[in-house]
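# Structure assessment
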Amino acid sequence: MAQVVGLPQAPHILAEELPSEDRVQLNIDFSKVNLDEIVLPPGEDFGIKSDDEEEEEEVSEFDSGFGNVIVVDRLPVVAPEKYEKLESVIRKIFGQMGTIREHGLFMPVDPETQKTKGYAFIEYNSPEEAQTARDQADNYKLDKAHIFAVNMFDDFDKYMKVPDQYTAPEVKAYTPGENLLTWLTDEKGRDQFVIRFGSDTEVYWNERLGKPEPVYHRAFWTESFVQWSPLGTYLATIHRQGAAVWGGSNTFNRIMRYIHPQVRLIDFSPSEKFLVTYSSHEPSNPRDTQKVVLNVFDVRTGKVLREFKGSADDYATGGVGGVSGVSWPVFRWAGGKDDKYFARIGKNAISVYETETMGLLDKKSVKVDNVIDFSWSPTDSILACFVPEGNGGNQPARVSLVQIPSREELRQKNLFSVSDCKMYWQSNGDYLAVKVDRYTKTKKSTYTGFELFRIKERDIPIEVLELENKNEKIIAFAWEPKGHRFAIIHGDGPKPDISFYSMKSPHNVGRVTKLTTLKGKQANALYWSPIGRYIVLAGLKSFNGQLEFYNVDELESMASAEHFMATDVDWDPTGRFVATSITAVHQMDSGFNMWSFNGKLLYRIPRERFFQFLWRPRPPSLLSPEKEEEIAKNLKKYSKKYEIDDAESSQLLSAADMENRRKLQDEWKAYVAEWKRLQEEERLLRRELCDGEASDEEEELEAEEVEIEEILNIEEEPVSFGFEQLD
Amino acid sequence: MRPILLKGHERPLTFLKYNRDGDLLFSCAKDHTPNVWYSHNGERIGTYKGHNGAVWCCDVTRDSRRLITGSADQTVKIWDVETGIQVHSFAFGSPARAVDFALGDKLAVITTDPFMGAPSAIHVKRVDSESLRDSSESLRIITGIQGRINRAVWGPLNKTIISAGEDATIRIWDAQTGKLIKENDPEAGHTKNITSLSKSADGSHFITGSSDKTAKLWDIRTLKLLKTYAAERPVNAVAISPVFDHVVVGGGQEASQVTTSDRRAGKFEATFYHKILQEEIGGVKGHFGPINALAFNPDGRGFSSGGEDGYVRIHHFDADYFNIKV
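Cut-offs and rules
- One numbering rule holds for all chains: residues counted from 1, following each sequence as written.
- Chains and ligands are labelled sequentially in the order written, the chains with letters from A and the ligands with numbers from 1.
- Local features in this predicted model are restricted to residues of pLDDT 70 or higher, and side-chain atom pairs are both shown and tallied only at a pLDDT of 80 or more, whereas totals for entire chains, interfaces and linings draw on every residue.
- Only heavy atoms go into the side-chain values, all of them from the structure, while hydrogens and water stay out.
- UniProt positions are given in the numbering used here, feature names are shortened, and annotations may be inferred rather than shown by experiment.
- Strands are runs of DSSP state E lasting at least 2 residues, helices are runs of H or I lasting at least 4, and numbering of each runs from the N terminus.
- Throughout, a contact is declared for two residues whenever any of their heavy atoms are within 4.5 Å.
- Calculation of accessible area relied on Shrake-Rupley with a 1.4 Å probe; when residues are assessed, cover is drawn exclusively from the protein chains displayed.
- Working definition: a ring pair exists when centres of Phe, Tyr or Trp rings (six-membered ring for Trp) sit within 6.5 Å. Plane angles under 30 degrees give stacked, over 60 give edge-to-face, the rest tilted.
- Any residue under 20% of the maximum accessible area for its type is buried, any over 50% is exposed, and the rest in between are partly exposed; the area is computed with a 1.4 Å probe on protein chains only.
- Ring-over charges, as used throughout, are those where CZ of Arg or NZ of Lys falls within 6 Å of the ring centre and within 35 degrees of the ring normal.
- At least two bridges found by DSSP between two strands are what make those strands a pair.
- Salt bridges, as used here, are contacts in which a Lys or Arg side-chain nitrogen is within 4 Å of a carboxyl oxygen on Asp or Glu.
- Two cysteine sulfurs form a disulfide in these notes if their separation is within 2.5 Å.
- The axes used here are C-alpha line fits, helices contributing only the stretch in contact, and every angle between their N-to-C directions lies in the interval 0 to 180 degrees.

Per an unreviewed UniProt entry, chain B carries the name Eukaryotic translation initiation factor 3 subunit I and comes from Ceratopteris richardii. What UniProt records for chain B under Subunit (unreviewed entry) is the sentence "Component of the eukaryotic translation initiation factor 3 (eIF-3) complex." Chain B has a UniProt comment under Subcellular location (unreviewed entry) that states "Cytoplasm".

By the naming in an unreviewed UniProt entry, chain A goes by Eukaryotic translation initiation factor 3 subunit B and is assigned to Ceratopteris richardii. Of the comments in the UniProt record for chain A, the one headed Sequence similarities (unreviewed entry) reads "Belongs to the eIF-3 subunit B family." Among the UniProt annotations of chain A, the heading Subcellular location (unreviewed entry) holds the following wording: "Cytoplasm".

This is how it looks when you write it as structure tokens:
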């Protein structure tokens, strides 16, 4: 054994973390860089350590050359005459687990006693085989007295290095982590948002007055997109090696990394306890379908709790949208605060997983034949699934509500001649609207109706709603968040109608009533305020960015505006502001506009190559509904403080603004005075250049002034008035 | 006031120039014939026939007797303003892009495009009547700039020449020796093609417009960046008001993309900015193609714009304009 101690060890590359700030703040002026002069440092990685190498650390140990050698201990000690017998037995046992190399089996013999020493070295063709042999043959019972102890040869080296003396591990003093919720305690009650344009990502405070205040800026922060976690605690970035989350109110330190090479999409659980990451990989055989890898991480520890691998086909059933075959999110999370269940749709079944064990609930999927779509209630663990017509139309289509974990069917509705179904949950899980497209009798066209489920009422009553003109196309449907109303855009052609309905009626609580219909609106999308009551009726993309701010309580329009070519509308989480953005790259003026809830344009931020605008979500309010109501009642009292604040800061703002303007004007005056002085010096030279003509500019200008006075006499009143005013 | 729409050109406008008194407006377009108009009523006085290519630029002498035009037909011609007779024609080996008379009108600076392997160049020519009779040799030729030189103008006392063009750099040259004196600070400068350059009335500073969607104001001696105006669209034309602290900026979506989107997306307005505060004051709509040329009337009471749409619009300001408070 002694001869192996001095063997070269594989170079352990400990990837020291480059503080990534260094990359960004180099302040290199690339226009001055001559590319030919740059000499790259030697080595394949140019001396730059990649983050990946951290993970390869253990693998590289095999390079020492003895990685495919195992040591078998506790063999019988035999005399020379039995040597060959023992050798053939060992060869038989260990030959099953891999190919033993030529002369790869060596049993040392004690030179004094001529007996074997009771152990053997076996060399395999590959480290993998050695590893399998170690795992399988360890504790192998040759007979009662001889139970093999098999170890990797390299492990000996490792265990030899363990010091004999026990030294207690150093206990690191507990350093409290950063409080990740400080952004919620902003004195002015402002909200944050993140924007991404070009290669830059920036976070801002949205100001009630004036321009937004920058919080954090970083170039090349993410390799594809950024995403807030559902409660706004983390900002996730996507990289080649995996995803990372960042937090805090203005520091945005990295909190955790989630290793998942070539990650494409991520999804947080609603209470941000878990993170699902997704990647797809090209198969080695081009005829195969793409391979997909899904990981479920614990957000706080960064550990992989469960890994799903498979071909894209297995994950492609049901749903629409997403990328390259699969519909995203693959896993849909059950409502409620504790992130208890998540589910995905499979063939003839819905697989519901429990987060506690990360296994299938009750070890089997919920069997639903031919299911093509499902959704969770946003607040309860109730599944709504849709099964289309089967058996050539003999079996009706069906929407059913299933309680998890009891798997009890709460309600079921059979539907006939259905072409398609869409499910819309109200944000409190009080109501479920199912939009049903049905074939007409001729089967040539379809018409649309709604099935409205009242989840919270006894027996879940269902009501059918059909539009007055049921042949009209439904363009959009949206529930009022936390409310009982919903809006529908319906109609064909460029000017559809918009109708508002309520699930309550003045006389009968259990009946849906129409509130109003707005005729001929240029709208194709509905954006309710997160607190309800207000809605933005938007005509995006082909409708050129028409915006109407509508108050549904009063049923009146508050303002109409236009953000030409707008592609996105986002309400802030408090329902005070609306951001409209143009994110398409080829558009002329990408960037975003900020509006108040009632449609007043507050400011515009144009940005080249604008990609993303995202409000930082807020966790749900800790106030009880009663308390909230009380605040709403005494709003005047509370708002006073903010009004004073606003007045002060607006005064401050205008004072600073005035000061700034005066400074600019003064600077300019000084500049002009300096110029005049130089001009005076050169007066004669200039006259010379003009052949000494008595037409030096200054003199003529004076003459012109006289002329202006003359004009004054000929009654050009408004103009001369203008000149006076301006000076 | 309602603008006066001049329909004298069949092709996109390229340049507009008022004479010193502000009564005449000269217009150049990609059709081959520059026009001259009465600026107060838009009546066409006449045309200058003789070029055989797009006319890119023109200038007029202080006494309004001579007009100089540079054209893609590789000539620069000098005309008698009153009669429209061609007085002289300089021939070059490549298209002429910019022309500018020096103070005293004895010299002119002319730029030529890179063409058939020949590099772009700045030429200085004598243009007084005696010299024209004798020879038409260039007094000086400056080369060494990459790409087109879209504008070249004289600096104070004809001592320097300021050039700007496709390489996004503004340069000051010694007019006597042809040596490069200064380049603008690349940090502060434009990042894309500089399309236009226009001096202030007193010649102390100038404004440049660029495809990088900004216009910038520079000191003519030190080449120090004074102001930047964010225009949110490629800038093709710029002008400085001779009386107020206003600048006007025009441009719009590239002409090749105009037909693919809505008219409003193009931003074909002439936008006014406060020269000192850099704030937008207002805009004048009307063109249905990008604005290629802008010029202020020397009396400051009006301006005209020329567009890719082939129209020239003469605007006389309303009384309100003189009351604008920023």
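### Some remarks on the overall build of chain A
Per the secondary structure count, chain A includes 10 helices and 40 strands. Sequence separation of 24 or more characterises 46% of the internal contacts of chain A that already satisfy a separation of 6 or more. Summing over all exposed atoms, chain A offers an accessible surface of approximately 41,600 Å²; the carbon and sulfur share of this is 52%.

### Digging into the UniProt feature "repeat: WD" (unreviewed entry) in chain B
Here the UniProt feature "repeat: WD" (unreviewed entry) sits at residues 6–47, 48–89, 142–183, 187–228 and 284–314 of chain B. The distance separating the terminal C-alpha atoms of residues 284–314 of chain B is 11 Å; by composition the span is 0% helix and 52% strand.

### A closer look at the packing of aromatic side chains
Residue and element names in this part refer to chain A. Applying the stated criterion to the full structure yields 55 aromatic pairs over all chains. Consider the rings of F274 and W333, whose centres lie 5.6 Å apart with planes at 5°: the pair is stacked. Residue F274 is found in strand β13 (residues 274–281), and its partner W333 is found in strand β16 (residues 332–333); the two are separated by 59 residues along the sequence. Residue classification places F274 among the buried residues on the basis of a relative accessible area of 8%. Overall, W333 belongs to the buried group, its relative accessible area being 9%. Each member of the aromatic cluster is reached from another via a ring pair, and the members are F193, Y204, F592, Y603, F610, F613 and W615. When the ring centre of F374 is taken as reference, the NZ or CZ atom of R332 above it lies at 4.7 Å.

### Structural notes on the sheet that holds strand β17 (residues 341–346) of chain A
Paired through their backbone hydrogen bonds, the strands of a sheet run either parallel or antiparallel. Residues and elements named next belong to chain A. Read across the sheet, 4 strands follow the order β16-β17-β18-β19 without closing on themselves; strand pairing throughout is antiparallel. Bordering the open sheet on either side are β16 and β19 (366–367), each of which pairs with just one other strand. The pairing of β17 with strand β18 (residues 349–354) spans 6 bridges and is antiparallel. Bridge pairing in β18 places R344 opposite S351.

### Side note on the pairing of β18(A)
Residue and element names in this part refer to chain A. Within β18, 5 of the 6 residues are buried, which leaves the element mostly enclosed by the surrounding structure. The loop that links β17 with its antiparallel partner β18 comprises 2 residues; one of these, N348, has a positive phi angle of about 60°. With 2 bridges joining them, β18 and β19 adopt antiparallel strand pairing. Across the sheet, residue I350 finds its bridge partner in β19, namely V366.

### A word on the pattern of salt bridges
Residues and elements named next belong to chain A. Using the criterion set out here, one finds 43 salt bridges over all chains in the structure. Of the charged contacts, one joins D135 and R134 as a salt bridge, the two residues approaching to 3.5 Å between their closest N and O atoms. With a shortest N-O distance of 3.4 Å, D373 and R332 are connected by a salt bridge. Here D373 is found in strand β20 (residues 373–376), whereas its partner R332 is found in strand β16, with 41 residues between them in sequence. Among the charged side chains, a network of salt bridges with common partners joins D186, K188, R190, E207 and E213.

### Focus on the environment of T516(A)
Residue and element names in this part refer to chain A. Locating T516 in the fold gives a position in strand β31 (residues 513–518). Between the alpha carbons of T516 and L555 there is a distance of 7.7 Å; along the sequence they are 39 residues apart. Not counting the four nearest positions on each side in its chain, T516 is found in contact with I498, S499, F500, Y550 and L555.

### A look at the state of the cysteines
Enumeration over the complete set of coordinates arrives at 0 disulfides over all chains. The thiol sulfur of C57(B) is not disulfide-bonded, and the nearest other cysteine sulfur, from C58(B), lies at 6.2 Å.

### Observations regarding the sheet that holds strand β7 (residues 66–71) of chain B
All names here are of chain B. Overall, antiparallel pairing links the 4 strands, which are arranged β6-β7-β8-β9 in an open sheet. The open sheet has two edge strands with one neighbour each: β6 (55–60) and β9 (86–91). Here the strands of the sheet are splayed against their neighbours by 15° on average, with no regard to which way each runs. Sheet topology places strand β8 (residues 75–80) next to β9; 5 bridges connect them, and they run antiparallel. Bridge pairing in β9 links K77 to S89.

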